[in-house]
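# Reading the structure
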Amino acid sequence: MIINGDVFKTRRNDLNMTQAELADGLTCQATISNLEINGVLPNFDILEGLTRRLSLTVVDILTTRLVTNPLILLQRQLDDECYGKVQTGLKKISRPSQDNFFERQQYDYLCASSSFHDGLIEDANFHCDQMINVPEKQRVWFHYALANTIKAEIWQQKDDLFKAGVCFDSVIDIIKKHPYTEPSFSMTSYIRIYQALAEHFLLVGNVDEAICHLNKAFGILKQKNSIWHFGELMMIQAQVYYENKMYGAQEKMISAVQELYKILKSPQLARMLDKLEA
C-alpha cells in the first residue's frame, strides 16, 4: 500500500504551509518532499504527527494506485542490481530541473550508482559531484551520504585510502544524525552504506570498526526479515574471520555463500567470489 503524497501536498498548500513549516519539529524537509513526490512512507510516529498537523485521516492518505514515477521504478531496478536496465531507462528521461531538487538528486544518484557498478567511473564521479555540490538548504541527506559513499569507493579504486576515508567520515557524521529507524523507506540505502563502511575499515586494518558496521547491516536485515545483499555481507564476514585468523570459520562461510549464490545470483556477489578465486 502506498501513501498518497498528492493529498499531503494539496492540504499543505490549502493551509499555506511550506514543506519546512510542515516538517518543523517532526522531521526534515527532505522527508516531506519525498513523501509528496514519491509517496514514500516515513517512520510511523512522523507520519502520525504529519496527519495530525494537517487534520488528515488514515483513509485520506492511503491509496492502491500504481507507481508510475519512472525514478521510483528505476530505483527498484537498481535495488535488483539491473544496472544496464537502469542506464537504459535513464536515457529515456530528462534530468529534473533545479527547482525539483529532490528528484534531481534522486536522478543523479541513480546515474552515479548504476555507472559505478557498470565500470563507468568518470560518469559516476560526475554525478557524485553534482549531489555533493548541492546547496546545503536543498541537500537531501541520504543522497548526500550515498554520493560520498560512491565517491569513497571511487577513491579506493584509485588506491587513495586517505581521500576515501575523508568521504567516509562525512558519511559517518550523517548517519549518526540520521540513524536507521523501523519502518524506514531507505533500508537498501543504509545497507549499502554500512557494507561499504565495513569493507573500507577492513582495507585500512580496523577490524573492530568493520565488525561494528557489518553488524548494523545484519541488524537491519533481521528487522526487515530480508535477505537483500545477504550474500555480500556474508563475504565481508568471511574476510573478518580471515583477519582474526579464524580460518575454519572463514572456509565454512565462503562455502555457505557459494551455495547461496546458486539460489540467489547477484552480479556484485559474483564479482566478490571471482575476486576471491583470483
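Just so you know, these numbers come straight off a predicted model, no measurement behind them.

### Some thoughts on the pattern of salt bridges
Any two side chains of opposite charge can pair, so long as their charged atoms come close to each other. One pass over the full model with this rule turns up five salt bridges. Here Glu 259 ties to Lys 262 by a salt bridge, and the two come within 3.1 Å at their closest N and O atoms. Linking Glu 259 with Lys 262, this pair stays in helix H15 (residues 247-263), spanning three residues, or about one helical turn.

### Considerations on the environment of Lys 265
Positionally, Lys 265 belongs in the loop between H15 and helix H16 (267-277). In this structure Lys 265 comes out as exposed when scored by relative accessible area, which is 59%. As for Lys 265 and Gly 231, which are separated by 34 residues in sequence, their C-alpha atoms are 9.3 Å apart.

### Some points on the side chain of Gln 237
In this structure, Gln 237 sits in helix H14 (residues 230-243). According to the relative accessible area criterion, Gln 237 is buried, its value standing at 15%. Leave out the neighbours within four places in its chain, and Gln 237 touches Leu 214, Phe 218 and Met 253.

### Considerations on unusual backbone geometry
One non-glycine residue, Glu 81, adopts positive backbone phi at about 65°. Among the secondary structure elements, Glu 81 is positioned in the loop between helix H6 (70-79) and helix H7 (83-91). In this structure Glu 81 comes out as buried when scored by relative accessible area, which is 10%. Located in the positive-phi region is Asp 159, a residue other than glycine, with phi close to 60°. Its place among the elements puts Asp 159 in the loop between helix H10 (141-157) and helix H11 (161-177).

### Comments concerning the environment of Lys 262
The class for Lys 262 is exposed, based on a relative accessible area of 56%. Separated by 167 residues in sequence, Lys 262 and Arg 95 have C-alpha atoms that sit 38 Å apart. At a separation of 3.1 Å, a polar atom in the side chain of Lys 262 contacts the side chain of Glu 259.

### Re the packing of H14 against H16
Here H14 crosses H16 at 25°, and the two axes come no closer than 8 Å. The angle between H14 and H16 places the two elements in the roughly parallel class. The handedness of the crossing between H14 and H16 comes out as left-handed. Side by side, H14 and H16 meet where Gly 231, Glu 232, Met 235 and Ile 236 of the first sit next to Gln 268, Leu 269, Met 272, Leu 273 and Leu 276 of the second. In terms of residue class, the contact of H14 with H16 is built from six nonpolar, two polar and one charged.

What counts, and where the lines are drawn
- Residues numbered from 1 in each chain as written.
- Predicted model: local features only at pLDDT ≥ 70, side-chain atom pairs only at ≥ 80, totals over all residues.
- Heavy atoms only, no water.
- Salt bridge = Lys/Arg side-chain N within 4 Å of Asp/Glu carboxyl O.
- Helix = DSSP H or I, 4+ residues; strand = E, 2+ residues; numbered from the N terminus.
- Buried < 20%, exposed > 50% of the residue type's maximum accessible area, 1.4 Å probe, protein only.
- Contact = heavy atoms within 4.5 Å.
- Polar contact = N/O pair within 3.5 Å; in protein donor to acceptor, adjacent residues only side chain to side chain.
- Axes fitted to C-alpha atoms, helices over the stretch in contact; angles between N-to-C directions.
- Parallel < 35°, antiparallel > 145°, perpendicular 65-115°, else oblique.
- Left-handed = near helix turned anticlockwise from the far one by under 90°.
- Nonpolar A, V, L, I, M, F, W, Y, C, P; charged D, E, K, R; others polar.

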